[in-house]
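Reading the structure
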Amino acid sequence: MSVVKSKIRTIPDYPKKGILFRDITSLLLDPEGLALTIGTFVDRYTGKGITKVAGIEARGFIVGAPVAFQLGAGFIPIRKKGKLPAETVTEEYDLEYGKDVIEIHKDSITPGDRILLMDDLIATGGTMLAAARLLRRLGAEVAEAGVIIDLPDLGGASKLKRDLGIEVYSICEFEGH
């Protein structure tokens, strides 16, 4: 997947000094890179019984919705608190300096749903862990998590596997943070 990786730009010192921000907007601008990214996920999950794809706000929407469409699955937006209009279920999680809350509509899960959880990147895994716990609380089976980028040095994918038994599939990896 070196083609996909080569189309992701790195922005140093964003959002703060010392961070190497992996920016997928350059990948999204490239028709070949975008098609290869979506196609890779579709190829992996075709025939795996995925009934819904859950995308984490906001970049998880960008990859999750077209994958759901191609798989013939529904799409569940996982959003920051206060962004969804119907009755929601929330999950609080720790950030580096504080806490945050994500939520989904209470009626977004049907018993027996097999979910593919998606985002653009996994770093420390806090948001992904919270999203998986939220989905499970509503009775969903989280089949796997799919991301474009894994930052293995930060341990998020390992934490998701260790704590919840959920494998993370990534198209590419970058060292560092």
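Structure shown above.
The following refers to the structure shown. (Residues numbered from 1 in each chain as written. Predicted model: local features only at pLDDT ≥ 70, side-chain atom pairs only at ≥ 80, totals over all residues. Heavy atoms only, no water.)

1. A short note on the pattern of salt bridges
Evaluated as defined, the whole model comprises 15 salt bridges. Between glutamate 32 and lysine 7 there is a salt bridge; the shortest N-O distance is 3.7 Å. In this pair, glutamate 32 sits in helix H3 (residues 31-45) while lysine 7 sits in the loop between helix H1 (2-6) and strand E1 (9-12), placing the two residues 25 residues apart along the sequence. Of the charged contacts in the structure, one is a salt bridge between aspartate 120 and arginine 59, with a shortest N-O distance of 2.7 Å. Of this pair, aspartate 120 sits in strand E7 (residues 114-122) while arginine 59 is found in helix H4 (residues 59-71), placing the two residues 61 residues apart along the sequence. Using a relative accessible area of 5% as the deciding quantity, one classes aspartate 120 as buried. Residues joined by salt bridges that share partners form a network here, namely Lys7, Asp30 and Glu32. (Salt bridge = Lys/Arg side-chain N within 4 Å of Asp/Glu carboxyl O. Helix = DSSP H or I, 4+ residues; strand = E, 2+ residues; numbered from the N terminus. Buried < 20%, exposed > 50% of the residue type's maximum accessible area, 1.4 Å probe, protein only.)

2. Some points on the side chain of aspartate 150
Mapping aspartate 150 onto the fold places it in strand E8 (residues 141-150). This buried residue, aspartate 150, is left without a salt bridge; arginine 22 holds the nearest opposite charge, at 11 Å. Not counting residues up to four positions away in its chain, the partners in contact with aspartate 150 are Ile122, Ala157, Ser170, Cys172, Glu173 and Phe174. (Lys, Arg positive; Asp, Glu negative; His and termini not counted. Contact = heavy atoms within 4.5 Å.)

3. As for the nonpolar core
If you look at the biggest cluster of nonpolar residues, it comprises 28 residues, and the most contacted ones within it are Ile78, Leu117, Met128, Leu135 and Leu160. Those elements that provide at least two residues to this core are strand E3 (52-56), strand E4 (74-80), strand E5 (88-95), strand E6 (98-105), E7, helix H5 (126-137), E8 and helix H6 (156-164). Take this core: its biggest share by element is seven residues, from H5. Not counting residues within four places of it along the chain, the set of residues in contact with leucine 117 comprises Ala54, Ile56, Ile78, Met128, Ala131, Ala132, Leu135, Val142, Glu144, Ala145 and Gly146. (Core = buried A, V, L, I, M, F, W, Y, C linked by side-chain atoms within 4.5 Å.)

4. Quick look at the side chain of aspartate 119
Mapped onto the elements, aspartate 119 comes out in strand E7. Buried and unpaired, aspartate 119 has no salt bridge, with arginine 59 as the nearest side chain of opposite charge at 5.7 Å. At a separation of 3.3 Å, a polar atom in the side chain of aspartate 119 contacts the main-chain amide nitrogen of glycine 60. Each residue touching aspartate 119, except ones within four places of it in the same chain, is listed here: Ile56, Arg59, Gly60, Val63, Met128, Gly146, Val147 and Ile148. (Polar contact = N/O pair within 3.5 Å; in protein donor to acceptor, adjacent residues only side chain to side chain.)

5. Regarding the sheet that holds E5
Judged by pairing direction, the sheet is mixed, and its seven strands sit side by side in the order E5-E6-E4-E3-E7-E8-E9 without closing on themselves. In this open sheet, the two edge strands, each paired with only one partner strand, are E5 and strand E9 (168-173). Geometrically, the sheet is characterised by an average inter-axis angle of 20° between neighbouring strands, direction not taken into account. Along the sheet, H3 makes contact with E7, E8 and E9, crossing E8 at roughly 155°. Strands E3, E4, E7 and E8 of the sheet are contacted by H4, whose axis makes an angle of about 145° with E7. (Pairing = 2+ DSSP bridges. Axes fitted to C-alpha atoms, helices over the stretch in contact; angles between N-to-C directions.)

6. Side note on the packing of aromatic side chains
Applying the stated criterion across every chain, the model contains three aromatic pairs. Ring plane angle 90° and centroid distance 5.9 Å describe the contact between phenylalanine 61 and phenylalanine 75, whose orientation is recorded as edge-to-face. Note that phenylalanine 61 is positioned in helix H4 and phenylalanine 75 in strand E4, a separation of 14 residues in sequence. A relative accessible area of 23% means that phenylalanine 61 is categorised as partly exposed. Its end group placed over the ring of phenylalanine 174, lysine 5 keeps NZ or CZ at 4.8 Å from the ring centre. (Phe/Tyr/Trp six-rings, centres within 6.5 Å; stacked < 30°, edge-to-face > 60°. Lys NZ or Arg CZ within 6 Å of the ring centre and 35° of its normal.)

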